[in-house]
Structures are given as C-alpha cells and as structure tokens.
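Below are the chains, spelled out letter by letter.
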Amino acid sequence: MSYGIIGTGAIGGYYGAMLAKAGNEVHFLFHKDYEYVKQHGLQVDSCNGDFHLHDVRAYAHTSEMPQCDVVLVCLKTVNNHLLTSLLPPLLHPETVVVLIQNGIGVEADVQKMFPEVHLAAGLAFICSAKTEPGRVSHQCYGSINLANYSCDDTTLQAVRDDLLKAGVEARLVEYHEARWKKAVWNMPFNGMTVALHTETDKLLSNPHTRRLIREQMMEVVGVARQLGVKNVDEEFVEKMLVTTDAMVPYSPSMRLDYDFHRPMEIDYLYTRPIEIAREAGADMPKLAMLEAELRFLAQYPRP
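Let us look at the structure shown here.

## Some words on the environment of Glu 174
For Glu 174, the location among the structural elements is in the loop between β10 (170-173) and α6 (175-195). Here the alpha-carbon distance between Glu 174 and Lys 230, two residues 56 residues apart in the chain, equals 9.3 Å. A distance of 3.1 Å separates a polar side-chain atom of Glu 174 from the backbone nitrogen of His 176.

## Topic: the environment of Val 232
Among the structural elements, Val 232 can be located in the loop between α8 (207-226) and α9 (234-245). Looking at Val 232, the relative accessible area reads 2%, which means it is buried. For the pair Val 232 and Met 18, spaced 214 residues apart in sequence, the C-alpha to C-alpha distance is 30 Å. Once you skip the residues sitting within four places of it in the chain, Val 232 turns out to touch Glu 177, Trp 180, Lys 181, Val 184, Val 221, Ala 224 and Arg 225.

## Notes on the side chain of Thr 77
Residue position: Thr 77 is located in the loop between β6 (70-73) and α3 (83-86). Thr 77 gets classed as buried once you look at its relative accessible area, which sits at 7%. What Thr 77 contacts, discounting residues up to four positions off in sequence, is Gln 101, Asn 102, Val 106, Glu 265 and Tyr 268.

## With respect to unusual backbone geometry
Not every positive phi belongs to a glycine, and Tyr 141 is a case in point at roughly 55 degrees. In this fold, Tyr 141 is placed in strand β9 (residues 135-148). Classification of Tyr 141 by relative accessible area gives partly exposed; the value is 37%. One non-glycine residue with positive phi stands out, namely Asn 231, at about 65 degrees. Classification of Asn 231 as partly exposed rests on a relative accessible area of 48%.

Calculation notes
- Residues numbered from 1 in each chain as written.
- Predicted model: local features only at pLDDT ≥ 70, side-chain atom pairs only at ≥ 80, totals over all residues.
- Heavy atoms only, no water.
- Helix = DSSP H or I, 4+ residues; strand = E, 2+ residues; numbered from the N terminus.
- Polar contact = N/O pair within 3.5 Å; in protein donor to acceptor, adjacent residues only side chain to side chain.
- Buried < 20%, exposed > 50% of the residue type's maximum accessible area, 1.4 Å probe, protein only.
- Contact = heavy atoms within 4.5 Å.

Put into structure tokens, the structure is as follows:
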C-alpha cells in the first residue's frame, strides 16, 4: 500500500519514517522543512536506534502528491480547517484516512467535512519531539492503537500489519474505548505541564500533584463509564501512572506548543469532552478548572 503523511512532525515523521525504512511507499508533506529535507533527508534519533532516510519522497503541496491508499493525518487539530484543501488530492474512493490526533470528537467533525471518506483513529503512545528541521527525536515508547470509525476492517488490518513489519507495536482496538483511554492520560498531563510549567516526572514525584493527576484521571474514567465505554477503569489509571513513572522526563505536545508560541489544542482535548460529559449528566470539575486556566494562558502568555 502507498502512504501519505500530512503533518511530518514528531508523530508523522516517526511513523512515516519507520514505514519508509521498512520499504513501504511513503509520501511526506512538509511545510518549513521541505527544502532542508529535499537536500539533507530525514533523521530519526530513536531510543531503539538512530537512522537516516536519504531519499525522501518530500512535497511542499499535496497538489503535487499522488493518490494514496492510506493517509496519516498528524496535524494539530487547530489546523484541521486546512484539510478541506490538503486532503482531496490524496484521495481515491477506497483511501483510508487515519487521524493520529489528540482529543474527543475529531472524527465526527472530519466526517462532516468529508462524508464519503473512510476514517479511522490513530492513538499514539509515544514520547517524540521535533525541534529542528528534518530531525525527529524519539525518546521512548512508540506503540499505536488503530480504531475503526467508518472504514473497512480489512484495510485497517493491513495498516496494522505494515506497522508491525516496520517495527512499530500496533493493535486494533474499539473506537470509543481507544479515544477515552487516551483522554485519561492526555487531559491531565498536557494541561498540567502547561499550567505548572513543568514536566511529567515532576508532576508525579510531588505527592500533591500526583494525587491531583490521579483525581483528574478518575474524572475521565467516570465520564467514560457514564457513556458505557468498556475497560476504562481504576486499574487502567494505575497502569498509566506506572507507565508515566517509567518515562523519561517529558513535555507533552501542548507544553511544546505553548513554549513555542503555537496555538494549544484546547477545544478537542478539553472543551469537547467536558461538553460531552455534561450532556451525559456527568461532570469533570477539576479538568474544567484546568481548561479555564489554559484559556487564560492562551490569552495572557507568561513573559
């Protein structure tokens, strides 16, 4: 299968490069990095072994890219309005679009934009960053869960198999379970690292913030249960805490966005799930407070 990568940053750069290294046909859309990558290639510094792609199928515009069997959308959700122009050149009638993006409600909104497109969710569990042109820093983890939203199971299974052959741990999971499980980690850690200007390890090493993180996680669990989502429970919370304890000190994507003066993904990470919770008769008071703090910091950044 042929792959297109929209948003070749920390996530798209890593998964796309892994697929390309394994011999798959991968077409990468670049923005500021385009000229650099055309000349120098794409470097991945990985905890599993560094590697370099010398001949990258790099493009500055999707209008120059071929139609692809699978498109991995790794844009930040604040840029999803660009999909109306970015996606169409890459699509044929059977193309599967995998949204490797944060938050709740992303697929529903993209499906409204493209009613006929086959969609899936990609939930990445990875510590990765891109802070300079043409270089991805993969610090730890790297697995991805794939969840069917409106596509063919057979194609999604083939994507999973390609990722596995490329050395990426990949699983097929149920859509709602996948999205809410990711929210259990995303909602506390993304916002708290911004609000307290810190990293994940310090949040968990302090007993007060560790307790707060756990309480925020349990708010997400409570909403998921109210919605009938399975396997999102207290045991999963404990697993996420232990997993994060084992991580390198990490700044999640929202912290990096804030530090580099980029828009934060508050809508899908906070506003939408909080609205869904209230519509279901549930509430997330601690996370609603965190959302308000993030809205303040978005308007009045630290000097």
